[in-house]
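# Observations on the model geometry
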Amino acid sequence: MTSTDVDKQADDSGPSGYAAARLRLLTEGARSGPPRRTALSELTDDWLSGLFGAAAERLRGVSLVAVGGYGRGELSPRSDLDLLLLHDGGDTRAVAALADRIWYPVWDLGLALDHSVRTPAEARRTAGEDLKVQLGLLDARHIAGDLGLTTGLRTAVLADWRNQAPKRLPELRELCAERAERQGELQYLLEPDLKEARGGLRDATALRAVAASWLADAPREGLDDARRRLLDVRDALHLATGRATDRLALQEQDQVAAELGLLDADTLLRQVYEAARVISYAGDVTWREVGRVLRSRAVRPRLRAILGGGKPVTERSPLAEGVVEQDGEVVLARAARPERDPVLPLRAAAAAAQAGLPLSLHAVRRLAATARPLPTPWPAEAREQLVTLLGSGQPTVPVWEALEAEGLVTRLLPDWERVRCRPQRNAVHIWTVDRHLIETAVRASEFTRRVSRPDLLLVAALLHDIGKGWPGDHSVAGEIIAKDVAARIGFDHADVTVLSTLVRHHLLLVETATRRDLEDPATVRSVADAVGTQSTLELLHALTEADALATGPAAWSSWRGSLVADLVRRVSAVLAGDLLDEPAAAAPTAEQERLAIEAIATGSPVLSLRAQTEPPAQDEPAVPGEPEPLGVELLIAVPDQPGVLPAVAGVLALHRLTVRTAELRALELPEGVEGSVLLLDWRVAAEYGSLPQAARLRADLVRALDGSLDITGRLAERDAAYPRRRGVVAPPPRVTVAPAASRLATVIEVRAQDAPGLLFRIGQALEDAAVRVRSAHASTLGANAVDAFYVTTPTGSPLPAQEAEAVARKLEEMLRG
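Since we're looking at a predicted model, the values are computed, not measured. (Residues numbered from 1 in each chain as written. Predicted model: local features only at pLDDT ≥ 70, side-chain atom pairs only at ≥ 80, totals over all residues. Heavy atoms only, no water.)

### With respect to the overall build of the protein
Heads up, the rule is: Secondary structure counts use DSSP, requiring at least four H or I residues in a row for a helix and at least two E residues in a row for a strand, with both numbered from the N terminus. In this analysis, two residues are considered to be in contact whenever any of their non-hydrogen atoms come within 4.5 Å of each other. In these tables, accessible area is a Shrake-Rupley quantity obtained with a 1.4 Å probe, and a residue counts as shielded only by the protein chains included in the view. We treat Lys and Arg as the positive residues and Asp and Glu as the negative residues; His and chain ends play no part in the count. We put the charge of a Lys on NZ, of an Arg on CZ, of an Asp on CG and of a Glu on CD.
When helices and strands are tallied, the protein shows 30 helices and 15 strands. Across its three principal axes, the protein shows a C-alpha extent of roughly 120 × 80 × 50 Å. Here the analysis covers contacts within the protein between residues at least 6 apart in sequence; of these, 72% occur between residues at least 24 apart. Here the protein has roughly 36,500 Å² of accessible surface; of this, 51% comes from carbon and sulfur atoms. With 97 positive and 113 negative side-chain charges, the protein shows a spacing of 5 Å between the two charge centroids.

### Some points on helix α14 (residues 380-390)
Rule in force here: Between buried and exposed lies partly exposed: a residue is buried under 20% and exposed over 50% of the maximum accessible area for its type, with that area taken using a 1.4 Å probe on protein chains only.
Where burial is concerned, most of α14 is hidden: eleven out of the eleven residues are buried. By the burial criterion, the buried members of α14 are Ala380, Glu381, Ala382, Arg383, Glu384, Gln385, Leu386, Val387, Thr388, Leu389 and Leu390.

### Overview of the environment of Leu59
Mapped onto the fold, Leu59 is located in the loop between α2 (33-55) and β1 (62-66). Spatially, the C-alpha atoms of Leu59 and Arg229 are 42 Å apart, while their sequence positions differ by 170 residues. Ignoring anything within four residues of it in the chain, the contact list for Leu59 reads Ala94, Val95 and Leu98.

### Examining the sheet that holds β1
How we decide: Whether two strands pair comes down to DSSP finding at least two bridges between them. Throughout, an axis means a line fitted to C-alpha atoms (over the contacting stretch in the case of helices), and angles, computed between N-to-C directions, take values from 0 to 180 degrees.
Strands sit in the order β3-β2-β1-β4 across an open sheet of four strands; the sheet is mixed. At either end of the open sheet lies a strand with only one pairing partner, and these are β3 (113-118) and β4 (141-145). Neighbour-to-neighbour, the strand axes of this sheet turn through a mean angle of 25°, independent of strand direction. Pairing between β1 and β4: four bridges, direction antiparallel.

### Comments concerning the packing of α2 against helix α9 (residues 223-241)
Rules: Here roughly perpendicular refers to angles of 65 to 115 degrees, roughly parallel to angles under 35, roughly antiparallel to angles over 145, and oblique to all remaining angles. The sense of a crossing depends on the near helix, which, turned anticlockwise from the far helix by less than a right angle, makes the crossing left-handed and, turned clockwise, makes it right-handed. Polar here means any residue other than Ala, Val, Leu, Ile, Met, Phe, Trp, Tyr, Cys and Pro, which are nonpolar, and Asp, Glu, Lys and Arg, which are charged; Gly is therefore polar.
At a closest axis distance of 9 Å, the pairing of α2 and α9 adopts a crossing angle of 70°. If you check the angle between α2 and α9, you find them roughly perpendicular. When you trace α2 past α9, the crossing you get is left-handed. On α9, the residues that touch Gly33, Pro34, Arg36 and Arg37 of α2 are Arg228, Leu231, Asp232, Asp235 and Leu239. Residues that form the contact of α2 with α9 fall into these classes: three nonpolar, one polar and five charged.

### A look at helix α18 (residues 454-463)
Burial runs high along α18: ten of the ten residues are buried. Buried within α18 are the following residues: Pro454, Asp455, Leu456, Leu457, Leu458, Val459, Ala460, Ala461, Leu462 and Leu463.

### Let's talk about the packing of aromatic side chains
How we decide: The rule is short: rings of Phe, Tyr and Trp, with Trp giving its six-membered ring, pair when the centres are within 6.5 Å, and they are stacked under 30 degrees, edge-to-face over 60, tilted in between. As a reminder, the over-ring test applies to NZ of lysine and CZ of arginine, requiring each to be within 6 Å of the ring centre and within 35 degrees of the ring normal.
In total, this model carries four aromatic pairs according to the counting rule given. Here the aromatic rings of Tyr104 and Trp107 are separated by 5.1 Å at their centres, their planes lie at 85°, and the arrangement is edge-to-face. Of this pair, Tyr104 and Trp107 both sit in helix α4 (residues 92-108), separated by three residues, roughly a single helical turn. Overall, the relative accessible area of 36% leaves Trp107 in the partly exposed class. Where Tyr188 meets Trp431, the ring centres are 4.9 Å apart and the plane angle is 90°; that geometry is what we call edge-to-face. You can see Tyr188 sitting in the loop between α7 (147-183) and α8 (201-213) and its partner Trp431 sitting in the loop between α16 (408-412) and α17 (433-444), a full 243 residues away along the chain. You'll find Tyr188 and Trp431 in the same group, each marked buried. Directly above the aromatic system of Phe491 lies the positively charged group of Arg383, at a separation of 5.4 Å from the ring centroid.

### Some points on the side chain of Arg234
Secondary-structure assignment places Arg234 in helix α9. Here Arg234 is in contact with Glu74, Ser76, Ser79, Leu194, Lys195, Leu201, Thr245 and Asp246, once residues within four sequence places are set aside.

### Regarding the sheet that holds strand β6 (residues 323-326)
Read across the open sheet, the three strands follow the order β5-β6-β7; overall the sheet is antiparallel. The strands lining the two open edges of the sheet, one partner per strand, are β5 (317-320) and β7 (329-332). Each adjacent strand pair in this sheet contributes to an overall mean axis angle of 40°, direction not counted. Here β6 runs beside β7; their pairing, made up of four bridges, is antiparallel. By the bridge assignment, Val324 is partnered in β7 with Val331.

### Considerations on unusual backbone geometry
Here Thr376 and Pro377 are connected by a cis peptide whose omega angle stands at -5°. Relative to the helices and strands, Pro377 resides in the loop between α13 (361-370) and α14. Notably, Cys421 is not glycine yet its phi reads approximately 60°, a positive angle. By the secondary structure assignment, Cys421 is in the loop between α16 and α17.

### Topic: the side chain of Ser280
Assignment of secondary structure puts Ser280 in helix α11 (residues 265-307). Once you skip the residues sitting within four places of it in the chain, Ser280 turns out to touch Gln187, Arg198 and Gly199.

### Structural notes on the confidence of the model for the protein
Our working definition: pLDDT measures the predictor's confidence residue by residue and takes values from 0 up to 100.
Confidence along the protein averages 88 in pLDDT terms, with 91% of residues attaining 70 or more. Per-element averaging of pLDDT across the protein places helix α1 (residues 3-27) at the bottom with 67 and α18 at the top with 98. In the model, residues 615-629 has pLDDT below 50 throughout and makes 23 contacts with residues more than four positions away in sequence or in other chains.

### A closer look at the nonpolar core
We apply this condition: Take the buried residues of types Ala, Val, Leu, Ile, Met, Phe, Trp, Tyr and Cys, join any two whose side-chain atoms come within 4.5 Å, and each joined set is a nonpolar core.
In this structure, Leu359, Trp378, Trp400, Leu413 and Trp416 are the most contacted members of the largest nonpolar core, which totals 94 residues. It is helix α12 (residues 344-355) that provides the largest number of residues to this core, a total of nine residues.

### Considering the environment of Pro521
Mapping Pro521 onto the fold places it in helix α22 (residues 521-531). Considered as a pair, Pro521 and Val574 are 53 residues apart in the sequence and their alpha carbons are 9.7 Å apart.

### Topic: the pairing of strand β12 (residues 734-737)
Burial along β12 is one-sided: the face carrying Val735 and Val737 is buried and the face carrying Arg734 and Thr736 is not. Note that β12 and strand β13 (residues 746-753) share four bridges and pair antiparallel. Looking at β13, one finds that Val737 is bridged to Ile748.

### Comments concerning the packing of α17 against helix α23 (residues 534-551)
Packed helix pairs are specified by the crossing angle of their axes together with the interaxial distance, meaning the distance between the axes. Close contact between α17 and α23 brings their axes to 8 Å; oriented N to C, the two are set at 125°. The angle between α17 and α23 places the two elements in the oblique class. For the pair α17 and α23, the crossing hand works out as right-handed. Where α17 approaches α23, its residues His436, Glu439, Thr440, Arg443 and Ala444 are matched on the opposing element by Leu543, Ala546, Asp547, Leu549, Ala550 and Thr551. Its residues assigned to classes, the contact of α17 with α23 comprises five nonpolar, three polar and three charged.

### Digging into the environment of Pro34
Within the secondary structure, Pro34 is located in helix α2. Spatially, the C-alpha atom of Pro34 lies 9.7 Å from that of Arg229, the residues being 195 residues apart in sequence. Once residues within four sequence positions are removed from consideration, Pro34 is found in contact with Arg228 and Asp232.

Here it is in structure tokens:
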């Protein structure tokens, strides 16, 4: 039977005919989705038109209007009928009688009805007072009666909405936020409300309303499909339960999945989560654009007055190479070339997360459309930018979601596809697998001061549950995947081994601490054997806590924490015993000796800049003139004198050079050459723009050493010239004295958020403490600086314990201040 036949039967048979036709339509196996919703709306239109026509033969100036979901033609099997009986204010008694002749047959069939009787003026007035009424009227659709009356109301309501948009849209945004707070996020809930939760059908309707205001529009790609998918699930839910419900309860998910022809309930939830994620991201982008437009409208008159009517210039503040901030978003610089810069997506994402700003939709889409794929293994900069992104704390989440929305995450990490939107049917878990991994990285970023390798901690956090997309024990599967991923993103063999160990044993500490006898030496020894080293134990302890905190409130407690800490203390005692003496210096190269001899001969610093590159990967063709940058090696030889470390670090900061690694040591000169030379072998990179000339660096270094260059004042002036951004709230810096780390010197370890001038401030503080820096070993791991300074008294002996602790304490206070 065709839909026309169904409609005709409904017309011929009255309410009972409509009920029978409706039942046949809902049980037709071949028809579902949008065609069924459209057919059900048309069937209902015809039936209501019949009711209206039979009762309104002598009435003029009256129309029957569908609003809300019915107005959009989206009737689900148990949807309410949202109806407005519109009249011109004439014979109100006859209108009331007409309303009864329509409403009662609807109620008699057991259909839910949301109804009102109003004049156009009353409808507009009510819409002005009640935002929900206004949203419903935006979808008003004529069913029967005076078409001109309906058209006039639609035109007036749309005009009112557009005129009032600057006032009503913030109200609508607040309404959406309140609802999200009550209902949670659809893309993570095990029993989601398809309509009310964030990313659900209500939010999709709100985006339609924003588009109708003409102030902003949602990103269209995928939005209609996501909305259709949620409507399909709601249809199946209504048919499976026989009730008008929007909550997808656990006990009904298998039946709903079967109704939709899906494999199982997990497949159903994954589709729901994917749809919700599209709608949520579209909402984030749209509301951000609404805010930008409204701010622009508020500021424009004042700017015109200031500029004398000229067009205001949009400020663009550089963040990184090829990345700038504009209008509160991170966008690509005009000179950026994604097609020639494969690291740009990660660099832009890291810069956005570090600044606490969103990535603009246009920037993400341009990167997705044009960026070159990264070679295998990744260049060092790409790995560093990934670590920086992961270590940015809570701002990582929206930036990662923006990359996800355009498919960049699975392009960078193909194994991510198996965990994306994967539900976790465990009452302890509050997130899907992919979001749990990001949340673990967010939590791990709080512990980067506790470990010597924050980069390994953050990457392990990202990968620890990556095996959940595969059959069997996810820790065993994850170990194999982690080895592959870690090698692909450029970690060396030793680091790959550590990462795979962390993934394989990420549950070891908490399971052993809560299920085994810690007084049994065999228990502690088995953990020590699995972990292997003190540094891996340190990382595993931080990962264990981050994982538990990211799981949910039921997964971690002070009791569990104390048990794990006790186990770690016992295992650490078993692993203890190795002295970490000062790293042996490699024999000087011919270039280093040449610079040292020249420094002695001239009595002043000499330096050389040499670009470091790496060859393309085996599976990547070489691109002429485009080697993968590793940074620039800066070699400096300086006659031994006080203040070398802060002077060099300060000059580099003034020239906007980022220090990625730094080593300072006294150089043994060839026989016959008298004097003492300090050699600095550093790897640096420009924050953005080109590198300074070596001659300028040398000239400024000479001035810094003789005291004629006020580095502190210059850095303060530059900081004051730039507006402060929110940025990342990083964990506080931590300065410790490494016990028994060296027989020849006192080792002071500094772990802090990397920032321009950080090494200068540390060097200056050590100079002020009147200690001699025998050697320094600084590295930047993502956004984290992990530095070790081997210091002595002026006479060359290790510092007394109390003096060492005092130096460390003062240094930490300086960094925190």
